[in-house]
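A look at the structure
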Amino acid sequence: MATQTARHSTSLPISVSARRLVRHGLQRLNLIVVYALLLSGSAFFLFPLVWMVGTSLKTVEEVGRSQLHLLPETPQWENYDKLFHEEAFFRAYTNSIFIVTLVLIGTVISVSLVAFSFSRLEWKGRDVVFALMMSTLMLPYQATLVPQYVMFHKIGWIRTFNPITLPGFFAGGAALIFLLRQFMLSLPRELDEAAMIDGANPLQVWWYVIMPLSRPAVATISVFLFVGQWNNLMMPLIYLQKPALYTMPVYVAQKLNLQEVPLPWQDVMAASVTFVIPVLIVFLFTQRYFIKGISTTGIKG
Amino acid sequence: MNPESRLPALAARALSWLGPTPLSRRKALWGLALIAPNTLGLFFFFGIPVLMAFSTSVQEWNAIKPPHFVGLDNFERLISDDKFAQALTNTLKLIGLTVPLEVLLALGVAVLLNLPLRGRNLLRTAYFLPVVTSTVAASVVWTSILQPRYGIVSRLLEPVGLGETKWLVEPGLVLIPIAAVAIWQRLGFDMIIFLAGLQSIPGVLYEAAVIDGAGRWERFRHVTLPMLSPTTFLVMVLAIINAFQIFDQVYIMTLRTVPGGVGGSATTLTYYLYRRAFTHSEFGYASAIALVLFALILAVTAFQLTVQRYWVYYESEEG
């Protein structure tokens, strides 16, 4: 990351002049074509989200009718009122929040300790262990899905949150470790030494010196973790197995699976909207961390 | 010599292995202590399962009988299993449907959004929002808009005679909407990587090209594309790996009709693995499928790495 920021700052004036060149070559007609392309494209990309909100506010009758209308005649806010009074919805939502919170706290602590050790403490075999840890990145999650299930079954963890929450505290996160380590390597060495001379132990250096300075990188991994965990379908699907433990993705799938004809799409969409909104809000406020993270590691969540 | 008297000597050797001075030894111990919880967890939650994946794949293991060793039977069964062949074909078709289109569109959008336009950041956000949207919610919406006769897509396609098309039921069509959702959700992600790549191309190259009289198309063809090829390579590898793992879309979009598509027409490798393991409790067979999936992903990555030297340009190579 150190080299990257350095390169970025030196290339800035050059890229500005490059932009001017492009601007120079861009005539008004071309500009109109570019905008037309980009705007129609983005309309296509936003349409499903708008459709979701629109449908969630329609009446049963409007949804059942073969329709072309994006928005309802009069918004039916009571669709949401009904949803908020549903016990299963409330439980799924709180389960999701509970799991995400645990995973977030556990993983950030565990992963940042490892990144700290890899970047700011010297010990024999460090780089070998680091390389080994990075090699787990090649493993697709499907490879361990079945044996993991068998193992968790043996220790009685099926129908508990443990298989989803505990690995966060104790295991893995190679991509996140990589991202944090890169950032921590870029912080000046003298900081640790000064703190150590003042009598701080490495754990204190981690908590009082390095973690506060690593806030942008910690923010990046937190957003990744939040989005990835909140949206995860597979793990809750195979491990939770009973409605009282369902998270939002499983709950929304259950709502879609109702064998009612016609399906009350407005209810399914209202549930989807409440499910998607926290992520969109978090994303809108933390965009730059998210994008930074993707462009440095090529991963998400 | 009895073992007790050797202990201090051993301890001393272990200590000196850690480092030459007391301070460096203290640091080394801290270093090991801080990674210990995560590393032990990694061994427990992933290391053991990885080893088990191999041992499970050579056993017959289901809910009825206790597991027992069957040698390579599971892999033999894979070869003659039509459903597996279908899942593999579907996965490859999905890669074909998504990767080229997705990479091309993402490149186009990234190039346009790299221009100094007003409202550029807002547009970038619009293209990126689907990436953070849950695949479950996205698939739900697409299931709704694709309903025959009622869905808005069907209404819009009515004039061309596609109003009654059952997109999620027809075996020949079902992969198209699944690919569409995958592209819709992935394009913004690829775009970000392309934008980072575009911004790292030194401006002097464009200036030199202009001096040489290159037009906009020539600058794109002879400067942008070659300079961007490492990025394109990365995006393609990631896109293929991602397409290999498609699951959520299949699960949601075929939930209301026939799970996995009519006659397995929407079943991907990951979905097939999921069904074998968690619907039919065939853990041994599912482990064999997982290993094949892993080997395929590795093979694709290795293949890409070997062919990249024919089309990927790295700056350090220039002579």
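Reading the values: rules and limits
Residues numbered from 1 in each chain as written. Chains lettered and ligands numbered in written order. Predicted model: local features only at pLDDT ≥ 70, side-chain atom pairs only at ≥ 80, totals over all residues. Heavy atoms only, no water. Helix = DSSP H or I, 4+ residues; strand = E, 2+ residues; numbered from the N terminus. Buried < 20%, exposed > 50% of the residue type's maximum accessible area, 1.4 Å probe, protein only. Contact = heavy atoms within 4.5 Å. Areas by Shrake-Rupley, 256 points an atom, 1.4 Å probe, with all protein chains shown as cover. Polar contact = N/O pair within 3.5 Å; in protein donor to acceptor, adjacent residues only side chain to side chain. Buried area = accessible area lost by both parts, 1.4 Å probe. Salt bridge = Lys/Arg side-chain N within 4 Å of Asp/Glu carboxyl O. Core = buried A, V, L, I, M, F, W, Y, C linked by side-chain atoms within 4.5 Å. Domains from an automatic or database assignment. Arc of directions from axis to C-beta. Axes fitted to C-alpha atoms, helices over the stretch in contact; angles between N-to-C directions. Parallel < 35°, antiparallel > 145°, perpendicular 65-115°, else oblique. Left-handed = near helix turned anticlockwise from the far one by under 90°. Nonpolar A, V, L, I, M, F, W, Y, C, P; charged D, E, K, R; others polar. pLDDT = per-residue confidence, 0-100. Phe/Tyr/Trp six-rings, centres within 6.5 Å; stacked < 30°, edge-to-face > 60°.

**Side note on the overall build of chain A**
For chain A, the count of helices and strands is 15 helices and 0 strands. Across the 301 residues that make up chain A, the buried fraction comes to 51%. If you take every contact in chain A between residues at least 6 apart in sequence, the share linking residues at least 24 apart comes to 73%. When the accessible surface of chain A is totalled, it reaches about 14200 Å², and 67% of it is carbon and sulfur.

**Quick notes on the side chain of Thr 55 of chain A**
Residue and element names in this part refer to chain A. Of note, Thr 55 is situated in helix 2 (residues 28–56). The buried category is assigned to Thr 55, whose relative accessible area is 4%. A distance of 2.8 Å separates the side chain of Thr 55 from the backbone oxygen of Trp 51, its partner in a polar contact. Setting aside chain neighbours within four positions, we find Thr 55 in contact with Val 63, Leu 70, Trp 265, Gln 266 and Met 269.

**Notes on the interface of chain B and chain A**
A common way to state how big an interface is: give the accessible area lost once the parts meet. Every contact between the two is made by 92 residues of chain B and, on the other side, 105 residues of chain A. Interface of chain B and chain A: buried area, both sides summed, is about 9100 Å²; carbon and sulfur atoms make up 76% of it. Among the residues chain B hides against chain A, the three largest losses belong to Leu 34, Phe 45 and Arg 256 of chain B. Together they make up 8% of the total. Where chain B meets chain A, there are 0 salt bridges. Scanning the region where chain B abuts chain A turns up 14 residue pairs in polar contact (both at pLDDT 80 or more). The leading source of residues in the side of chain B that touches chain A is helix 2 (residues 22–57) of chain B, at 21 residues.

**Examining the nonpolar core**
Leu 38 and Phe 290 of chain A together with Val 132 and Tyr 251 of chain B are the most contacted members of the largest nonpolar core, which totals 182 residues. Tallying contributions element by element places helix 8 (residues 175–199) of chain B first for this core, with 14 residues. Each of domain 1 (2–56) and domain 2 (79–296) of chain A gives at least three residues to this core. Aside from chain neighbours lying at most four places away, what touches Val 132 of chain B is Val 227, Asn 231, Val 279, Leu 280, Phe 283 and Phe 290 of chain A.

**What about helix 6 (residues 126–135) of chain A?**
All names here are of chain A. Among all positions of helix 6, only Arg 126, Phe 130, Met 133 and Met 134 are buried. Each buried residue of helix 6 lies within a common arc of 100 degrees when the element is viewed along its axis, so the set occupies one face. Away from its buried face by more than 90 degrees, helix 6 exposes Val 128 and Leu 132.

**A look at the pattern of salt bridges**
Residues and elements named next belong to chain A. Inspection of every chain in the model, using the stated rule, returns 10 salt bridges over all chains. For Asp 192, the salt bridge goes to Arg 120, with nearest N and O atoms at 2.7 Å. Of this pair, Asp 192 sits in helix 10 (residues 190–197) while Arg 120 sits in helix 5 (residues 87–120), and the two are 72 residues apart along the sequence. Both residues of the pair, Asp 192 and Arg 120, belong to the buried class.

**A closer look at the domain arrangement of chain A**
All names here are of chain A. As assigned here, chain A comprises domain 1 (2–56) and domain 2 (79–296). The C-alpha-based centres of domain 1 and domain 2 are spaced at 30 Å. Roughly 720 Å² is buried in total at the junction of domain 1 and domain 2, and carbon and sulfur atoms are behind 73% of that figure. Taken together, the links from domain 1 to domain 2 amount to 0 salt bridges. For the interface between domain 1 and domain 2, the tally reads 2 residue pairs in polar contact (both at pLDDT 80 or more).

**Points about the packing of helix 5 of chain A against helix 6 of chain A**
All names here are of chain A. Following both chains from N to C, one finds helix 5 and helix 6 inclined at 140 degrees, their axes separated by 10 Å at the closest point. Taken as axis vectors, helix 5 and helix 6 run oblique relative to one another. Helix-helix and strand crossings are classified by hand; for helix 5 and helix 6 the assignment is left-handed. Residues Val 114, Ser 117, Phe 118 and Ser 119 of helix 5 form the contact with helix 6, whose own contacting residues are Arg 126, Val 129, Phe 130 and Met 133. Counted by class, the contact of helix 5 with helix 6 contains 5 nonpolar, 2 polar and 1 charged residues.

**So, the environment of Phe 275 of chain A**
Tracing the backbone shows Phe 275 of chain A in helix 15 (residues 265–297). Given the relative accessible area of 1%, Phe 275 of chain A is considered buried. It is 9.8 Å that separates the C-alpha atoms of Phe 275 of chain A and Tyr 251 of chain A, two residues lying 24 residues apart in sequence. Once you skip the residues sitting within four places of it in the chain, Phe 275 of chain A turns out to touch Tyr 93, Trp 230, Asn 231, Met 248, Pro 249 and Val 252 of chain A together with Ser 134, Val 136 and Ala 137 of chain B.

**Digging into the confidence of the model for chain A**
Across chain A, the average pLDDT comes to 86, with 89% of residues at or above 70. Scored below 50 in pLDDT, residues 1–15 of chain A shows 9 contacts in the model against residues more than four places distant or in partner chains.

**Considerations on the packing of aromatic side chains**
Residue and element names in this part refer to chain A. For the coordinates displayed, the defined rule picks out 37 aromatic pairs over all chains. Centroid distance Phe 89 to Tyr 93: 5.4 Å. Interplanar angle 40 degrees. Geometry classified as tilted. You can see Phe 89 and its partner Tyr 93 sitting in helix 5, 4 residues apart, about one turn around the helix. The pair formed by Phe 89 and Tyr 93 is uniform in burial state, with each residue classed as buried.

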